[in-house]
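Commentary on secondary and tertiary structure
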Amino acid sequence: MFILTKVADLVQIAPDDFRKPSHMAIEDNINSKYGNKVVQKIGLCICLWDILWTSEGLIGQGDGMVNINVEFRVVVFRPYKGEVIAARIMDQSPEGINLATDFFDDIFVPWTELPEGSEFEPSDNLWIWKEDDQAMYFDDNEMVRFRVITEEWHDQTPSKPVEAVEVPEGTEEAPAPPINTKPPYTITGSMSGPGLGCCLWWE
Amino acid sequence: MKILESQNALLSNYEVYQHLVDQRKRNKAQNRRVPANAHQAMTEVAKYLSGKPSPLEKQEETQTYSPATISLLLEKLREANLPSELTKGELLSILNIRPSSTALLSTAIEDMEERFDDDNQNKIVDIIAEVLGSAEADEGGEEADEMDADAVPTVENGY
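Residues numbered from 1 in each chain as written. Chains lettered and ligands numbered in written order. Predicted model: local features only at pLDDT ≥ 70, side-chain atom pairs only at ≥ 80, totals over all residues.

Applied cut-off: UniProt positions are given in the numbering used here, feature names are shortened, and annotations may be inferred rather than shown by experiment.
Under the annotation held in an unreviewed UniProt entry, chain B carries the name DNA-directed RNA polymerase III subunit RPC9 and is attributed to Chaetomium fimeti. Note on chain B: under the UniProt heading Subcellular location (unreviewed entry), the record states "Nucleus". Here is the UniProt Sequence similarities (unreviewed entry) comment for chain B, exactly as written: "Belongs to the eukaryotic RPC9 RNA polymerase subunit family."

Going by the annotation in an unreviewed UniProt entry, the name recorded for chain A is DNA-directed RNA polymerase subunit, with Chaetomium fimeti given as the source organism. Quoted verbatim from the Sequence similarities (unreviewed entry) heading of the UniProt record, the comment on chain A is "Belongs to the eukaryotic RPB7/RPC8 RNA polymerase subunit family."

1. Brief notes about the overall build of chain A
Where we set the bar: Secondary structure elements are taken from DSSP: a helix is a run of H or I of four residues or more, a strand is a run of E of two residues or more, and numbering for both begins at the N terminus. Remark: residues whose backbone-derived C-beta atoms lie within 7 Å of one another are considered to be in contact.
Per the secondary structure count, chain A includes one helix and 14 strands. Expressed along its principal axes, the backbone C-alpha trace of chain A runs to roughly 75 × 65 × 25 Å. Contacts in chain A between residues far apart in sequence, at least 24 positions, make up 66% of those at least 6 positions apart.

2. Some points on the interface of chain A and chain B
Heads up, the condition is: Asp, Glu, Lys and Arg are counted as charged, while Ala, Val, Leu, Ile, Met, Phe, Trp, Tyr, Cys and Pro are counted as nonpolar; the rest, among them Gly, fall into the polar class. Between any two strands, at least two bridges found by DSSP are needed for them to pair.
Taken together, the 35 residues of chain A in the interface contact 37 residues of chain B. With eight residues, strand S1 (residues 2-13) of chain A is the single largest residue contributor to the side of chain A that touches chain B. Taken together, the residues of the side of chain A that touches chain B break down into 20 nonpolar, seven polar and eight charged. Relative to strand S1 (residues 2-11) of chain B, S1 of chain A runs antiparallel, the two being bridged by six bridges. Bridged to Val 7 of chain A within S1 of chain B is Ile 3 of chain B.

3. Considerations on the sheet that holds strand S11 (residues 134-138) of chain A
Residues and elements named next belong to chain A. Heads up, the condition is: Lines fitted to C-alpha atoms define the axes, with helix axes restricted to the stretch in contact, and inter-axis angles between N-to-C directions lie between 0 and 180 degrees.
If you walk across this open sheet you meet the three strands as S9-S10-S11, and the pairing is antiparallel. Two strands lie at the open edges of the sheet, namely strand S9 (118-121) and S11, each paired on one side alone. Within this sheet the neighbouring strands show an average axis-to-axis angle of 30°, counted without direction. Across four bridges, the pairing between S9 and strand S10 (residues 126-131) is antiparallel. When the bridges of S10 are listed, Phe 120 appears paired with Trp 127.

4. Focus: the pairing of strand S6 (residues 84-93) of chain A
Residues and elements named next belong to chain A. Both S6 and strand S12 (residues 143-153) contribute to a ladder of five bridges, which runs antiparallel. The partner of Ile 85 across the bridge, within S12, is Phe 146. Of the pairings in the sheet, the one linking S6 to strand S7 (residues 96-100) comprises five bridges and is antiparallel in character. Counterpart to Ser 93 in the pairing with S7 is Gly 96.

5. Concerning helix H4 (residues 67-79) of chain B
Here is the rule: Here a helix's expected span is defined as the number of its residues, less one, multiplied by 1.5 Å.
Between its first and last C-alpha atoms H4 of chain B spans 19 Å; for 13 residues at 1.5 Å apiece the expected length is 18 Å, and the two agree. One or two residues past the end of H4 of chain B sits Asn 81 of chain B, with phi positive at roughly 55°.

6. Quick look at helix H5 (residues 88-97) of chain B
So the rule is basically this: Each residue is classified by how many other C-beta atoms fall within 10 Å of its C-beta atom, where C-beta atoms are placed from the backbone; a count of 20 or more means buried, 12 or fewer means exposed, and values in between mean partly exposed.
Of the residues making up H5 of chain B, those classed as buried are Ser 93, Ile 94, Leu 95, Asn 96 and Ile 97 of chain B. Against S6 of chain A together with helix H1 (13-30), H4, helix H6 (102-108) and helix H8 (118-132) of chain B lie the buried residues of H5 of chain B. Just beyond H5 of chain B, the residue with positive phi is Arg 98 of chain B, at close to 50°.

In structure tokens, the structure reads:
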């Protein structure tokens, strides 16, 4: 579920951080740059694990920043394919179930990956797994286990501005330009199989 | 930023939890503030790891996970003479999930039905429960404590 990633980066310490001992200033700097951020194809960074190496600090011309090359390791959330983890049901729709852990929200289980015999109940807005005349409910906020099947990355670099389209006579306004709202890192999971689904079922 | 090694090591949930607890202790002792974004991520991960159904839920009181118990678990699994060896990834999953039944064990072990017969599956579950404890044992321990507390008449509860 969690891995260590080794990174080399230039850390710049601003003069108002000079009161801190160097290792603390470096740690705070790395934590504020990486903490709770998704790095593409790496995962969701949580915090610094350890500092492996640092260069001498160098002050450049023009500002008072101390520049240090640092090699360090960060704790990263990156479940591997096939790993089973626990999460909470946040939202349900005919397309599937949205899950979230306390720190990561973008987990989706499509309806094709729900246990065989699952049906969506539109009036209650929830999925029900019917097996041997027994109905088991996917209640909201319930803890479930799921298996990671795929991951998807979306680079968040800004796209170039959309050129204005000529509005044909008679129509009111131009269609709204598409906005990039895709989360940077999404996990698709499966809940069909023994041990998967609500934790309560297997206790 | 340059990624030197995208996967330097795999961490078990216990190691992450321990790191977060140590960091929190150190920061408290030195009166340090963590940048807000990292602080949020760290508290949320700690909350996730110490909430149900994580086996680390009662770690603070019971201290069931420790480097010693992990090596003991590996030792015992090796001694059990299993027909097929467990891979590193499977052992990691076992540590993270602490399967209390064969159904849960199958989520941690690939092709479990083909590689292990029922006896061996139960053996693995028993070893896990013995070394790492189980959710029921954690609960049971607490109830026992409560019963003890009830048995002793005290001024507070009116006896």
